[in-house]
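# Architecture at a glance
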Amino acid sequence: MSGSNGSITITLDGTNRSTTLPLLSGTEGPDVADIRKLYANLGIFTFDPGYGETASCESKITYIDGDAGVLMYRGYPIEQLAEQSDFTEVCYLLMNGDLPNAKEFKEFRNGVTYHTMVHEQIRNFFNGFRRDAHPMAILCGVVGALAAFYHDNLDINDPEQRRIAAFRLIAKVPTIAAMAYKYSLGQPFVYPKNALANGPQGYARNFIHMLKSVPAEEYDVPDVLAKAMDRILILHADHEQNASTSTVRLAGSTGANPFACIAAGIAALWGPAHGGANEAVLKMLAEIGDVKNIPAFIEGVKDKNSNVKLMGFGHRVYKNFDPRAKIMKESCDEVLAALGVEHEPLLEIARELERIALSDDYFISRKLYPNVDFYSGIILKAMDIPTSMFTVIFAVARTVGWVSQWKELVEDPAQRIGRPRQIYTGASKRDYKPLSERG
Ligand code: CMC
């Protein structure tokens, strides 16, 4: 922590019992009350479902100011990184804390590039999946299976082994993601290509190559698509203690194998309230079907009993705008113009939906704005990537965030096994009755 900054006193009303706890300060953001002695001093816990007000760890990786719409990786504003950096450099930054010099960058990029292939036996896993299996299910299963390849000899307390595990994950997840896609198409798997990976936006270019090439014909990745994919990857690379990252940390706090921890993160990301939202946005647009159906759909969203949400809108932390969405919207316009997509019906629905939602009091009063997933889905659709792959691409990007957070956790001497408390509201103690005595 940067330091202690005053204290907070909690008094139990109606008693003379109170405790004074330290307030801790970070380099940015609000102070946090250190409640680690609360139970010992007062015999009470705190209650915070969804952890909206609870700092679960100390981290130096990503900072978000949800009110001001600020997102920084290692202190660098996301806008500057999206404009000037590339995903591989952002991976270095997230993992190591600083931007690399030319030599460090080259070594790091080689480290990633030369780990992109997967063991040939990994191919066998795919045959066990139905050909229509969701690629997130495949990704989760196969990334978890990497633990079987790198377990017995992996010592997470050795920094060099942590470093290699990190390279393996960042490098192999796109290869596995592309294999999941190829499997669903019934096409042969396409191997990574180092010559592509070593050029500008190389990580994104190599990934698109593995998605779109076939042995008979190599896909010549257009610059505009490589740049758009690179930007999607940068914008999704980390987002501090979100649900999937917290899942990775919780699993990691037990000392679990890092490949298994990342598989747990992939599972948490899949939900429609989190990374699954980009796929859900496109499904929603398809269900609306026509601009004329939007008013009825919006009424359904506002109806508390309908359980319908406007997917791609709202965020737990951003309450004015999502800075990633702003950049993604620009990217979306660029890609659509470059690809000549003008009158795509789903896009017209998206634009009209956005216009109506941004002027409707329901959304304004609840501070609900388009989030990153509202636009990323539209870009990916324009790139002719099937909706079932959208969350997979999010997972490819977020792997570096998960790995960096996992590394930070393992290297933090203050970390303990994650173990939240609860408020128990079930039955009080009662005695067991044999079946014959129950009414
Ligand atoms: N559509 C309609 N109403 C909404 C929406 C939405 N998308 N999001 C929140 N609300 C309402 C919610 O019903 C509640 O209304 P009321 O005060 O009348 O009860 C109010 O806004 C506050 O919402 P909340 O549920 O307390 O917000 P939360 O912080 O728990 O949830 C969220 C955040 C992202 C899960 C939620 O906004 C949501 O489900 N959005 C749609 C899914 C989505 O786009 N997720 C992607 C998030 S960004 C990518 C990522 O980081 O994973």
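From a predicted model like this one, the values you see are computed outputs, not experimental measurements. (Residues numbered from 1 in each chain as written. Predicted model: local features only at pLDDT ≥ 70, side-chain atom pairs only at ≥ 80, totals over all residues. Heavy atoms only, no water.)

### Things to note about the overall build of the protein
For clarity, the cut-off: Only DSSP runs of H or I with at least four residues qualify as helices, and only runs of E with at least two residues qualify as strands; both kinds are numbered from the N terminus onward. Only protein chains enter the accessibility calculation, which uses a 1.4 Å probe. A residue is then buried if its area is under 20% of the maximum for its type, exposed if over 50%, and partly exposed in between. Here a residue-residue contact requires only that any non-hydrogen atoms of the pair lie within 4.5 Å. Only the protein chains shown count as cover for residues, and the accessible areas themselves come from Shrake-Rupley with a 1.4 Å probe.
Within the protein, the regular secondary structure consists of 19 helices and six strands. Per-residue burial for the protein yields a buried fraction of 46% across its 439 residues. Across the protein, contacts joining residues at least 24 apart in sequence account for 70% of those joining residues at least 6 apart. Accessible surface, the protein: about 22100 Å² in total, of which carbon and sulfur atoms supply 51%.

### Structural notes on the domain arrangement of the protein
Definition in use: For the domain bounds, the source is a domain assignment made automatically or taken from a database.
According to the domain assignment, the protein consists of domain 1 (3–55) and domain 2 (85–242 + 262–268 + 397–403). Taking only C-alpha atoms into account, the centre of domain 1 sits 41 Å from that of domain 2.

### Observations regarding the packing of aromatic side chains
Heads up, the condition is: Stacked, tilted and edge-to-face are the three classes assigned to paired rings of Phe, Tyr and Trp, where Trp is represented by its six-membered ring and a pair needs centres within 6.5 Å; plane angles under 30 degrees give stacked, over 60 edge-to-face, the rest tilted.
In the structure shown here, the tally under the stated rule is twelve aromatic pairs. Residues Phe 125 and Phe 149 carry aromatic rings whose centres are separated by 6.3 Å and whose planes lie at 65 degrees to one another, so their mutual orientation is edge-to-face. Pair noted here: Phe 125 is in helix α5 (residues 122–126) and Phe 149 is in helix α6 (residues 135–149), with a separation of 24 residues, a long-range link. With centroids separated by 6.1 Å and ring planes inclined at 55 degrees, the aromatic side chains of Phe 126 and Tyr 183 adopt a geometry described as tilted. Separated by 57 residues along the polypeptide, Phe 126 in helix α5 and Tyr 183 in helix α7 (residues 159–185) bring together distant segments of the chain.

### Digging into the layout of surface pockets
Our working rule: Definitions used throughout: a 1 Å grid over protein atoms alone; a cavity as a set of points that fits a 1.4 Å probe which cannot get out; a pocket as an open set with protein on both sides within 12 Å along at least five of seven lines; a lining residue as one with an atom within 4 Å of a point. Grid points are joined across faces, edges and corners, and a volume is the space filled by probe spheres set on the points. Only Asp, Glu, Lys and Arg are considered charged, only Ala, Val, Leu, Ile, Met, Phe, Trp, Tyr, Cys and Pro nonpolar, and every remaining residue, Gly among them, polar.
Empty space within the second largest pocket amounts to approximately 180 Å³. Lining the second largest pocket are 13 residues, with Ala 82, Gln 201, Lys 227, Ala 228 and Arg 231 positioned closest to its centre. When residues of the lining of the second largest pocket are traced back to their parent elements, those giving at least two are α2 (78–84), α10 (223–236) and α15 (323–338). In terms of residues, the lining of the second largest pocket owes the most to one element, α10, which gives six residues. Residues belonging to the lining of the second largest pocket are distributed by class as follows: five nonpolar, three polar and five charged.

### Regarding the UniProt feature "active site" (unreviewed entry) in the protein
Selection criterion: UniProt positions are given in the numbering used here, feature names are shortened, and annotations may be inferred rather than shown by experiment.
Mapped onto this numbering, the UniProt entry annotates "active site" (unreviewed entry) at His 315 and Asp 373. The greatest C-alpha distance among the annotated residues, which extend across 59 residues, is 10.6 Å, indicating that they converge on a single site. Looking at the element boundaries, His 315 is found in the loop between α14 (294–302) and α15. Judged by relative accessible area, which is 21%, His 315 ranks as partly exposed. Excluding anything up to four places from it in sequence, His 315 contacts His 239 and Arg 324. Secondary-structure assignment places Asp 373 in helix α18 (residues 372–382). Since its relative accessible area comes to 4%, Asp 373 is described here as buried. In this structure, Asp 373 is in contact with His 236, His 274, Gly 275, Ala 277, Asn 278, Val 281 and Phe 394, ignoring residues within four places of it in sequence.

### Structural notes on the site of the ligand
Let me state the cut-off plainly: Near is defined per residue: the residue qualifies when any heavy atom it owns lies within 4 Å of the molecule or strand. Two N or O atoms count as a polar contact when they lie within 3.5 Å, although within protein this holds only if one can serve as hydrogen donor and the other as acceptor, and sequence-adjacent residues are included solely when both atoms are side-chain atoms.
Among the 22 residues in the neighbourhood of the ligand, the closest are listed as His 274, Leu 310, Gly 312, Arg 316 and Asn 371. The separation between an oxygen atom of the ligand and a polar side-chain atom of Lys 304 is 3.0 Å. Within the complex, 75% of the 940 Å² of free accessible area of the ligand lies under protein.

### Comments concerning helix α19 (residues 390–411)
Side chains three or four residues apart in an α-helix point the same way, a direct result of the helix having 3.6 residues per turn. Heads up, the rule is: Multiplying 1.5 Å by the helix residue count minus one yields the expected span of that helix. The angle between axes fitted to the seven residues ending at a residue and the seven residues starting there is what we call the bend at that residue.
When the terminal C-alpha atoms of α19 are compared, their 32 Å separation across 22 residues agrees well with the 32 Å that a helix rising 1.5 Å per residue should span. Of all the bends found along α19, the most pronounced is centred on Arg 398 and spans about 40 degrees. For α19, a buried count of 20 out of 22 residues is recorded, marking the element as mostly surrounded by other parts of the structure.

### Notes on α14
Just so we agree on the cut-off: Starting at the helix axis, one direction is taken to each C-beta atom, and the arc is that of these directions.
Every buried residue of α14 is listed here: Ile 294, Phe 297, Ile 298 and Val 301. Summarising the axial view, the buried residues of α14 lie within an arc of 100 degrees, below the 170-degree limit, and thus occupy one face. Buried residues along α14 sit against α13 (277–288), α16 (345–359) and α17 (361–365).

### Section: the pairing of strand β5 (residues 70–73)
Note the threshold: Paired strands, in this sense, are two strands between which DSSP finds at least two bridges.
As defined by bridge partners, strand β4 (residues 62–65) adjoins β5 across four bridges and the pair is classed as antiparallel. When the sheet's bridge partners are listed, Asp 65 is paired in β5 with Val 70. The hairpin formed by β4 and β5 contains four residues between the paired strands, and Gly 69 there has a positive phi angle of roughly 70 degrees. Bridge count for β5 against strand β6 (residues 76–77) is two bridges, and the pairing is antiparallel. Of the residues in β6, the one forming a bridge with Tyr 73 is Tyr 76. The turn joining β5 and β6, which pair antiparallel and follow one another in sequence, is formed by two residues; a positive phi near 50 degrees is taken by Arg 74.

### Quick notes on the packing of α10 against α19
Definition in use: Note on method: axes are straight lines fitted to C-alpha atoms, helices fitted across the in-contact stretch only, with angles between N-to-C directions ranging 0 to 180 degrees. The handedness criterion is simple: a crossing whose near helix is rotated anticlockwise from the far helix by less than a right angle is left-handed, and one whose near helix is rotated clockwise is right-handed.
Where α10 contacts α19, the two axes come as close as 8 Å, and the packing angle between them is 60 degrees. Two packed elements cross with a definite hand, and for α10 against α19 that hand is right-handed. Across from Met 229, Ile 232, Leu 233 and His 236 in α10, the residues of α19 making contact are Ile 393, Phe 394, Val 396, Ala 397 and Arg 398. Class assignment of the residues belonging to the contact of α10 with α19 gives a composition of seven nonpolar, one polar and one charged.

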